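# Breakdown of the fold
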Amino acid sequence: MKKYWQTARRKLSFEKTLVMAILNVTPDSFSDGGDFFSIDDALRQAESLVEAGADILDIGGESTRPASRRVSSEEEIRRVLPVVEAITGRFYIPVSIDTSKSEVAAPAIEAGAEIINDVSGLRFDEKIAQVAAAENSGLILMHLRGDFETMHKQSPVEDILKEVSEAFRRSIEKAESFGVKPEQIALDIGVGFSKTFNQNLELLAKLDKLVAEFPNFPMLVGTSRKSFIGKVLGDASVDERLGGSLASAVIAVWNGANIVRVHDVKATIEALKVVEAIKREL
Ligand code: 7PJ
C-alpha cells in the first residue's frame with residue numbers, strides 16, 4: 001500500500017522525503033531566539049524557507065525546550081493566528097500548527113493551517129483529535145512522557161523502542177476513537193523529549209524497526225540543532241550543530257523517515273538528495 005498523508009487542504013505523497021521547516025513565533029525559542037516575532041519578520045522568514053525548498057512550514061507559539069515557561073491559549077493564539085493567516089494567504093505551502101491545545105488548533109486550522117503537530121500525542125488535550133476529525137486535517141502524534149513541566153525530567157524507561165511503540169498504539173487508538181482517519185495521522189519518535197542521551201541515539205539507529213511496525217503511517221523525525229548533537233560534539237553551541245543535524249537527518253531518512261523537521265532547509269535538501277540517489281540503488 002502506498003502511503004499518503006491527508007491534510008485539511010490536500011493529500012501529500014512521499015515519493016521524496018518531505019522537509020518541514022521550523023518557524024517559531026516564540027520570544028524564548030532556544031535556537032532562533034525571538035527573531036521571527038513580527039508578522040513582517042515571519043513572512044520574510046517564510047519566504048526564504050519556501051525559496052529554499054521547504055515542503056511544509058511548522059509554526060509554533062509555545063516553546064517546549066527545557067525550562068521554558070508555559071503560555072496561555074490566548075497568548076499562543078495572539079502570537080500564532082496572525083502569522084498563520086498571513087503565511088497561508090501569501091504562500092500555497094502546507095502549514096502545520098505546533099500546539100497541544102485544541103483551543104489553539106481549531107482557530108489555526110480555520111485560519112489556513114492544515115496539519116496539527118501535537119507533541120503530546122493526544123495526552124495533553126484529547127479534543128485535538130476532535131478538531132482533526134472535524135477539519136480533516138493532518139495530525140502528528142509525537143511521543144513524549146510526563147506533562148509539560150516534567151517531560152524533560154522523566155526517569156528513563158528500560159526499553160525505549162517498546163515504550164515508543166506502545167505509546168504510538170495508544171495515540172493512534174485514541175485518535176481513531178474520535179473519528180480521525182488513519183491517512184490523517186503521522187507518527188514522530190520525539191527526539192529529545194523524555195529520553196536519555198543514549199536513547200535518542202538508539203531510536204535513530206533502530207528507527208527502521210518502528211517504521212516496519214507502523215508501515216501505513218508516515219514517520220516524522222526532528223533532530224535539528226537538538227542538544228544530543230551538541231553533546232556528541234563536545235558541548236557544541238546551537239549554531240555549531242549543522243553538520244551533526246545533517247548527519248542525524250540522513251540516518252533518519254536512511255532508516256525510513258518520511259518527513260524531517262529542520263531549521264536548515266537548503267543544506268538538508270542537498271544532503272537528502274544524495275541519500276535518496278543512493279537509496280534508489282538498494
Ligand atoms: C519537535 C516538535 C519534534 C515534532 C519540537 C525543537 C524542540 N514537533 N517540536 N517533532 N521538537 N513533531 O525544535 O528543538 O521533534 S520543539
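For the structure given in this document, a descriptive report is provided here. (Residues numbered from 1 in each chain as written. Predicted model: local features only at pLDDT ≥ 70, side-chain atom pairs only at ≥ 80, totals over all residues. Heavy atoms only, no water.)

## Some points on the overall build of the chain
Within the chain, the secondary structure is distributed over 10 helices and 10 strands. Its C-alpha radius of gyration of 17 Å places the chain within 12% of the 19 Å reference for a compact globule of 282 residues. Buried residues in the chain amount to 57% of all 282 residues. At a minimum sequence separation of 6, the contacts of the chain that also span at least 24 residues come to 70%. Of the roughly 12,200 Å² that the chain leaves accessible, carbon and sulfur atoms contribute 51%. If the 35 positive side-chain charges of the chain are averaged to one point and the 43 negative ones to another, these points end up 2 Å apart. (Helix = DSSP H or I, 4+ residues; strand = E, 2+ residues; numbered from the N terminus. Rg over C-alpha atoms; globule rule 2.2 N^0.38 Å. Buried < 20%, exposed > 50% of the residue type's maximum accessible area, 1.4 Å probe, protein only. Contact = heavy atoms within 4.5 Å. Areas by Shrake-Rupley, 256 points an atom, 1.4 Å probe, with all protein chains shown as cover. Lys, Arg positive; Asp, Glu negative; His and termini not counted. Charge placed at Lys NZ, Arg CZ, Asp CG, Glu CD.)

## Comments concerning the sheet that holds strand β9 (residues 219–221)
Read around the closed barrel, eight strands run β3-β4-β5-β6-β7-β8-β9-β10, paired in parallel fashion. Taking each pair of neighbouring strands and ignoring which way they run, the sheet shows an average axis angle of 25°. On the sheet, helix α2 (residues 73–90) packs against β3 (18–24), β4 (56–60) and β5 (95–98) and is oriented at approximately 160° with respect to β4. (Pairing = 2+ DSSP bridges. Axes fitted to C-alpha atoms, helices over the stretch in contact; angles between N-to-C directions.)

## Some thoughts on the side chain of serine 96
Mapped onto the fold, serine 96 is located in strand β5. What serine 96 contacts, discounting residues up to four positions off in sequence, is Met20, Ile56, Leu57, Asp58, Ile59, Ile115 and Asn117.

## Overview of the packing of aromatic side chains
Given two aromatic rings, one states the distance between the centres and the angle between the planes to describe the pair. Throughout the structure, instances matching the rule amount to one aromatic pair. Between the aromatic rings of phenylalanine 168 and phenylalanine 214, the centroid separation amounts to 5.5 Å while the plane-to-plane angle is 85°, which identifies the pairing as edge-to-face. One end of the pair, phenylalanine 168, is in helix α5 (residues 160–177); the other, phenylalanine 214, is in the loop between α7 (207–213) and β9, with 46 residues separating them in the sequence. An identical accessibility class is assigned to phenylalanine 168 and phenylalanine 214; each is buried. Directly above the aromatic system of tyrosine 92 lies the positively charged group of arginine 10, at a separation of 4.0 Å from the ring centroid. Over the face of the ring belonging to phenylalanine 197 we find lysine 231, whose NZ or CZ atom lies 4.7 Å from the ring centre. (Phe/Tyr/Trp six-rings, centres within 6.5 Å; stacked < 30°, edge-to-face > 60°. Lys NZ or Arg CZ within 6 Å of the ring centre and 35° of its normal.)

## Let's talk about the site of the ligand
Taken together, 12 residues lie around the ligand, and Thr64, Asn117, Asp188, Lys226 and Arg261 are the ones closest in. For the ligand, a nitrogen atom lies 2.6 Å from a polar atom in the side chain of aspartate 188. Lysine 226 is positioned with one of its side-chain polar atoms (N or O) 2.7 Å from an oxygen atom of the ligand. Isolated, the ligand exposes 380 Å² of accessible area, and the fraction of that covered by the protein chains is 92%. (Near = heavy atom within 4 Å. Polar contact = N/O pair within 3.5 Å; in protein donor to acceptor, adjacent residues only side chain to side chain.)

## Considering a nonpolar patch on the surface
On the surface, a cluster of nonpolar side chains totalling about 440 Å² of accessible area is made up of Trp254, Val274, Ile278 and Leu282. Tracing the chain through its elements places tryptophan 254 in helix α9 (residues 242–254). (Patch = residues over 30% accessible without salt bridge, like charges linked within 9 Å, V, L, I, M, F, W, Y side chains within 5 Å. Salt bridge = Lys/Arg side-chain N within 4 Å of Asp/Glu carboxyl O.)

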